[in-house]
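# A closer look at the structure
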Amino acid sequence: MPEAIEIQLKKGVLELCVLALLSRQDSYAYDIASRLSDSIGMGEGTIYPLMRRLQNDGLVATYLVESSSGPSRKYYRLTEAGKLSFSTQTAAWKSFCGAVESILGGVE
């Protein structure tokens, strides 16, 4: 896949992936970045601006957790608005994927 297309596809689904990870458990940005890097190859530099935007949009809230190995970590959790956004985005994603699969299914 050409790199530019792959990057645009990843950027388009990044917020949904972050919301999905946070729907399972609260986490801190570095852990989220590591999981996304392992799964879809997104770099750490893209996560921090996204986390700030999600917080500004009211989709996530933060709290500090003491760490035995250094400074406190800022954890993120979904707000009620974040849970609703995740549900809405998941439904839209599934519908979109189904439509694309339907089109691709007819392509030889």
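The shown structure was predicted, so the numbers you read here are calculated from the model rather than taken from an experiment.

### Looking at the side chain of Ser67
Structurally, the position occupied by Ser67 is in strand β2 (residues 60-67). A distance of 3.2 Å separates a polar side-chain atom of Ser67 from the backbone nitrogen of Ser69.

### Digging into the nonpolar core
In this structure, Val18, Leu22, Ile32, Leu36, Ile47, Met51 and Leu54 are the most contacted members of the largest nonpolar core, which totals 18 residues. Elements represented by at least two residues in this core include exactly α1 (3-24), α2 (29-40), α3 (44-56) and β3 (70-78). Counting residues per element, this core draws most heavily on α1, at five residues. Apart from the residues lying within four places of it in its own chain, the contact partners of Leu54 are Glu15, Val18, Leu59 and Val60.

Conventions we followed
- Residues numbered from 1 in each chain as written.
- Predicted model: local features only at pLDDT ≥ 70, side-chain atom pairs only at ≥ 80, totals over all residues.
- Heavy atoms only, no water.
- Helix = DSSP H or I, 4+ residues; strand = E, 2+ residues; numbered from the N terminus.
- Polar contact = N/O pair within 3.5 Å; in protein donor to acceptor, adjacent residues only side chain to side chain.
- Core = buried A, V, L, I, M, F, W, Y, C linked by side-chain atoms within 4.5 Å.
- Buried < 20%, exposed > 50% of the residue type's maximum accessible area, 1.4 Å probe, protein only.
- Contact = heavy atoms within 4.5 Å.

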